[in-house]
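Report on the structure
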Amino acid sequence: MAPALLEEAADRVPEVARIAVLRANALGDFIFVLPALEALRAAYPQAEIVLLGAPWHAKLWRDRPGPVDRVLVVPPAPGIRTATAGEPESSIVDFLAAARAERFDLALQLHGGGANSNPLVAALGARVTAGLRAEDAPPLDRWLRYVYYQHEVIRYLEAVALVGAPATTVTPALPVTDADRAEAGTVLGDPERPRVALHPGATDTRRRWPADRFGQVARTLHTDGYEVLVTGTPAEQDVVDQVVAAAGVPVRPQVGTLSLGGLAACYAGCELVISNDTGPLHLAAAVGTPTVGIFWVGNLITTAPVLRGRHRPITSWTVHCPVCGVDCTPGIYPHRPGDGDCPHRDSFVTDVPLAEVLEAARELLFR
């Protein structure tokens with residue numbers, strides 16, 4: 001056996017029947033942790049993997065094959081997650097009592113730097129705890145320093161390697177179910193042309209490429225013979241409307257028409273998804289669809305797809321606020337000159353040319 005494999009075997013925790021994994025944040029964040037979950041499944045094939053997540057995780061993983069066996073919903077708490085609309089009140093004290101009754105053998109913090117999440121994971125009462133630790137976070141039994149500029153997929157693969165779970169893949173993959181496909185078929189019908197999807201929204205407005213350019217992409221691809229879908233959440237209705245208006249050709253807006261599983265099937269049926277750096281872009285990649293993503297350079301380092309055979313991340317190199325000119329990097333690098341953070345939320349990706357996005361799209365579509 002090779003020395004590296006011997007080291008992995010030595011790190012593996014014996015007699016593990018149940019593993020808790022804390023990852024209770026947003027869609028894209030969860031997609032990045034899928035390879036780490038696959039590594040845990042391979043290293044502990046007989047163990048039950050329980051995701052400590054949000055209500056949407058429980059819906060997504062109901063009757064879905066994959067590395068998550070069960071979801072325990074974590075109550076809203078500072079640094080863990082915010083409450084969703086209409087969610088019943090729940091107590092973190094009651095949650096921890098129920099979680100300790102599960103008698104976890106392993107508890108992993110794959111949630112972030114750990115200032116709030118490490119105490120939660122430590123309170124689960126597992127035999128062994130492991131995960132990430134920023135400077136302001138308490139340690140776990142086994143921990144890895146949280147360093148901001150690291151690709152998210154690799155970050156969490158390193159974290160699960162602390163318990164003897166080596167990587168089996170660096171590519172996130174999410175299975176699409178028959179129920180997902182049936183929902184998408186009911187909502188969208190059968191395509192009369194090959195489909196592409198555009199997603200012009202993003203929670204952080206600094207990551208939004210201008211809506212009129214998405215409209216120009218829609219117009220060009222419609223002329224090329226594609227049926228163009230424009231997807232968005234209800235909070236993104238305005239930007240979807242702007243894209244539809246700018247396109248000036250028949251496109252199909254889809255705002256709140258599909259569940260998350262239905263959206264996964266929608267993207268799986270597309271020839272290409274073009275999107276800002278946001279959860280739906282990473283969902284599309286995870287279901288195997290080629291993507292063109294528009295990234296700020298810092299996010300390119302941490303979240304862009306690691307492979308290039310089917311994915312084209314287009315990069316903005318802007319680091320100064322387009323409103324006040326402040327250099328927004330010294331918050332990460334305090335020993336360098338500059339002014340640090342600013343309060344503005346104007347787009348940092350407007351310098352990405354339309355021509356680059358269209359060239360990347362046509363390269364993937366026409367190859």
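Cut-offs used in this document
- Residues numbered from 1 in each chain as written.
- Predicted model: local features only at pLDDT ≥ 70, side-chain atom pairs only at ≥ 80, totals over all residues.
- Heavy atoms only, no water.
- Pairing = 2+ DSSP bridges.
- Helix = DSSP H or I, 4+ residues; strand = E, 2+ residues; numbered from the N terminus.
- Axes fitted to C-alpha atoms, helices over the stretch in contact; angles between N-to-C directions.
- Contact = heavy atoms within 4.5 Å.
- Patch = residues over 30% accessible without salt bridge, like charges linked within 9 Å, V, L, I, M, F, W, Y side chains within 5 Å.
- Areas by Shrake-Rupley, 256 points an atom, 1.4 Å probe, with all protein chains shown as cover.
- Salt bridge = Lys/Arg side-chain N within 4 Å of Asp/Glu carboxyl O.
- Buried < 20%, exposed > 50% of the residue type's maximum accessible area, 1.4 Å probe, protein only.
- Phe/Tyr/Trp six-rings, centres within 6.5 Å; stacked < 30°, edge-to-face > 60°.
- Lys NZ or Arg CZ within 6 Å of the ring centre and 35° of its normal.
- Core = buried A, V, L, I, M, F, W, Y, C linked by side-chain atoms within 4.5 Å.

**Let's talk about the sheet that holds strand β5 (residues 128-133)**
Read from one edge to the other, the open sheet built from 6 strands follows the order β3-β2-β1-β4-β5-β6, with strand pairing classed as parallel. Two strands in the sheet have a free side with no partner beyond their single neighbour: β3 (70-73) and β6 (142-145). Strand-to-strand twist across the sheet, computed as the mean angle between neighbouring axes with direction ignored, equals 15°. The pairing of β5 with β6 spans 4 bridges and is parallel. Bridging across to β6, A130 finds its partner in R142. Of the strands in this sheet, β1 (18-22), β2 (48-53) and β4 (106-109) are in contact with helix α2 (residues 27-43), which crosses β2 at around 160°.

**Topic: a nonpolar patch on the surface**
Residues I154, V170, V306 and L307 make up a contiguous nonpolar surface patch of about 270 Å² in total accessible area. On the basis of relative accessible area, L307 is assigned to the partly exposed category, the value being 45%.

**Comments concerning the packing of aromatic side chains**
Considering all chains together, one arrives at 6 aromatic pairs under this definition. The interplanar angle of 80° and the centroid separation of 4.8 Å between the aromatic rings of Y148 and Y149 together place this pair among those described as edge-to-face. Each ring, one from W209 and one from F214, has its centre 5.2 Å from the other, and the planes form 80°; the classification is edge-to-face. The same class applies to W209 as to F214, namely buried. Grouped by ring-pair contacts, the aromatic residues F30, W56 and W61 constitute a single cluster. Positioned above the aromatic ring of W143, the side-chain terminus of R133 is 4.6 Å from the ring centre. Looking at R155, its charged tip hangs above the ring of Y146, at a distance of 4.2 Å from the centre.

**A closer look at the nonpolar core**
Ranked by size, the top nonpolar core spans 55 residues in total, and within it L40 and Y44 carry the most contacts. Looking at this core, the element that brings in the most residues is α2, giving 11 residues. In contact with L40, not counting residues within four places along its chain, are V21, I49, L108, V160, V163 and A165. Core analysis: the second largest hydrophobic core is formed by 38 residues, V228, V251, V255 and I314 among them.

Distances and angles like these do not, on their own, reveal function.
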